[in-house]
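Each chain, letter by letter, is given below.
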Amino acid sequence: MLQLSLLDPNPSDRRPARVGGATIDYADASAILTRPTGRLRGSIDFTLNPYQGCSFACSYCYAAFFVADEGQRERWGEWVRVKTNAVERLRAMRVDLRRRTVLMSSATDPYQPIERRLEMVRALLPILARRGASLAVQTRSPLVTRDADLFHEFRRARVGLSITTDSDEVRKRFEPRCASIEQRLAAAAELVDAGIRVNIGVSPMLPLEHPAEFAARIQATGAQSVRIGRFHESNVPFAAGTRDGALAIARELGWTKERQASAAAELRHHLQRLEREAA
Ligand code: SF4
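In this convention, every chain numbers its residues from 1, walking through the sequence in written order. Local features in a predicted model are, by the rule used here, given only for residues with pLDDT of at least 70; side-chain atom pairs are given and counted only at 80 or more, and totals for whole chains, interfaces and linings are based on all residues.

> How should the sheet that holds strand 2 (residues 22-27) be read in this particular structure?
Strand pairing in a sheet relies on backbone hydrogen bonds, with the paired strands running either antiparallel or parallel. When DSSP locates at least two bridges between a pair of strands, those strands are taken to pair. Secondary structure elements are defined from DSSP: runs of H or I of at least 4 residues count as helices, runs of E of at least 2 residues count as strands, and each element is numbered from the N terminus. The strand order across the open sheet built from four strands is 1-2-6-5, with neighbouring strands paired in mixed fashion. Looking at strand neighbours, the two that pair on one side only are strand 1 (18-19) and strand 5 (51-53), the edges of this open sheet. Of the strand pairs in this sheet, strand 5 and strand 6 (residues 79-83) are connected by three bridges, and their pairing is antiparallel. Within strand 6, the residue paired with G53 across the bridge is V80.

> Looking at this structure, I do not really get the sheet that holds strand 3 (residues 33-34). What am I missing?
Pairing within the open sheet is mixed, and its seven strands lie in the order 3-4-7-8-9-10-11. With one partner strand each, in any of the chains shown, strand 3 and strand 11 (225-228) form the two edges of the open sheet. The pairing of strand 10 (residues 197-202) with strand 11 spans four bridges and is parallel. Paired with I200 across the bridge in strand 11 is V226.

> What is the right way to look at helix 9 (residues 211-221) in this model?
In an α-helix, one turn spans 3.6 residues; hence positions three or four apart end up facing the same way. When we look at burial in helix 9, the residues that qualify are P211, F214, A215, I218 and T221. End-on view of helix 9: buried residues confined to an arc of 115°, all on one side of the axis. Relative to its buried face, helix 9 has exposed residues pointing more than 90 degrees away, namely E213 and A220. Each residue gets a C-beta atom placed from its backbone, and two residues are in contact if those atoms lie within 7 Å. On its buried side, helix 9 packs onto helix 8 (181-193), strand 10, strand 11 and helix 11 (257-278). Immediately downstream of helix 9, the backbone of G222 shows phi near 85°, a positive value. Any residue with 12 or fewer other C-beta atoms within 10 Å of its own C-beta is exposed, any with 20 or more is buried, and the rest are partly exposed; the C-beta atoms used are placed from the backbone. Working note: the arc is built from the helix axis to C-beta atom directions.

> Even after reading the chapter, I still don't get the packing of helix 9 against helix 11, so can you show me in this structure?
A pair of packed helices is captured by two measures, namely the crossing angle of their axes and the spacing between those axes. Between helix 9 and helix 11, the least distance of the axes is 8 Å, while the angle of their chain directions is 45°. Taken together, helix 9 and helix 11 sit at an angle that is classed as oblique. Where helix 9 crosses over helix 11, the two elements pack in a sense that is right-handed. Between helix 9 and helix 11, the contacting residues are P211, A212, F214, A215, A216, I218 and Q219 on the first element and A263, E266, L267, H270, L271 and L274 on the second. Lines fitted to C-alpha atoms define the axes here, with helix axes fitted over just the stretch in contact, and angles between the N-to-C directions of these axes take values from 0 to 180 degrees. Throughout this description, any angle smaller than 35 degrees is read as roughly parallel, any larger than 145 degrees as roughly antiparallel, any in the 65 to 115 degree range as roughly perpendicular, and the remainder as oblique. Left-handed describes a crossing whose near helix is turned anticlockwise from the far helix by less than a right angle; the clockwise case is right-handed.

> Before we go on, may I ask you to explain the site of the ligand in this structure?
Whether a residue is near a molecule or strand depends on its C-beta atom, generated from backbone atoms, being within 6 Å of that molecule or strand. Surveying the vicinity of the ligand reveals the residues C54, F56, A57, C58, C61, A63, G77, T108, D109 and R140. Residues are grouped as follows: Ala, Val, Leu, Ile, Met, Phe, Trp, Tyr, Cys and Pro are nonpolar; Asp, Glu, Lys and Arg are charged; every other residue, Gly included, is polar. Grouping the constituent residues of the shell around the ligand by class yields six nonpolar, two polar and two charged.

> Even after reading the chapter, I still don't get the environment of L274, so can you show me in this structure?
Relative to the helices and strands, L274 is located in helix 11. Once the C-alpha coordinates of L274 and A220 are considered, the two residues, 54 residues apart in sequence, prove to be 9.9 Å apart. Setting aside residues no more than four positions away along its own chain, L274 makes contact with A215, A216 and Q219.

> Looking at this model, I keep getting lost on unusual backbone geometry. Mind explaining?
In this structure, the amide linkage connecting M104 to the following residue, S105, adopts the cis form with an omega of 10°. Mapped onto the elements, S105 comes out in the loop between strand 7 (101-104) and helix 4 (113-118). The step from S203 to P204 runs through a cis peptide bond, and the omega angle for that step is -5°. Structurally, P204 is set in the loop between strand 10 and helix 9. The phi dihedral of R99 falls on the positive side, at around 60°, and the residue is not glycine. For R99, the location among the structural elements is in the loop between helix 3 (86-92) and strand 7. For E119, which is not a glycine, the phi torsion comes out positive at approximately 55°. Position of E119 relative to the elements: it lies in the loop between helix 4 and helix 5 (120-130). Here E119 falls in the partly exposed class, since 15 other C-beta atoms lie within 10 Å of it.

> How do you make sense of the confidence of the model for the chain when you look at a structure like this?
Do not read the predicted coordinates in detail wherever pLDDT is low. What pLDDT reports is the predictor's confidence in each residue, on a scale of 0 through 100. Averaged over every residue, the pLDDT of the chain is 92; the share at 70 or more is 93%. For residues 5-10, every residue scores under 50 in pLDDT, and the model assigns this stretch two contacts once sequence neighbours within four places are set aside.

> Explain helix 5 to me, please; I cannot follow it from the model alone.
Regarding helix 5, the residues found buried are M120, V121, L124, L125 and L128. Buried positions in helix 5, seen along its axis, are confined to an arc of 130° and lie on one side of it. Turned more than 90 degrees off the buried face of helix 5, the exposed positions are P126 and R130. Here the buried face of helix 5 lies against strand 4 (46-48), helix 3, strand 7, helix 4, strand 8 (134-139) and helix 6 (148-151). Positive backbone phi, at 85°, marks G132, one or two positions downstream of helix 5.

In structure tokens, the structure reads:
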């Protein structure tokens, strides 16, 4: 594991400047646990974002809207900032997290490609667990399976895996740097097998090829719940809006409100049917 310490003998070796398609920079953060805003208030007590920015570069990502710097907003997906003092800051916080739920993360994906090398999330999790927190993870990355052992240390832990379509062709258009659909379904199944509670988020729902088969693939993972979220056809800042690039792809693919509604109804129908059959 690489240690994120200013005492590293040769920080440039230990702090890669580029991973995947993103440049990586390193900076201390003023806060590591923050109170949620907007729709998260009420269900979540704290959010924890170990990174800023995101290498996954989903074309529809609304998190870009929350970046103050216009240049960084424009280059969303091309940069990641590592919060170098995250572990230190969390350790120093005297906050009691019993009966508190921490969401990791709200404005990035905690399982960035750089996380594989830095293992910062892996260092943060035991601290949260020792403080008695409940944990909600949100990710698109199969790397999350690495930490199944640590999720068991929490009073309650659930993992939300986003699987937005059943078509890798569609995925490559909207989220080309994310893992394949098969890898994400396999990650969900692996976590369930490890005894972790998993929610699959078909959100935002992108064009589906075969809703009935997709429902069966989702059900085969054993995930405890499925959430279907709509693809917002707006890019109003500070809402769960959609960026222009994704809106253009959706238009090109004819992903209209009507098609969405019908695909969502079909997927829901098959999921419910499979659930009844299993019962
Ligand atoms: S993984 Fe999440 S935070 Fe990262 S670009 Fe995609 S939607 Fe945005």
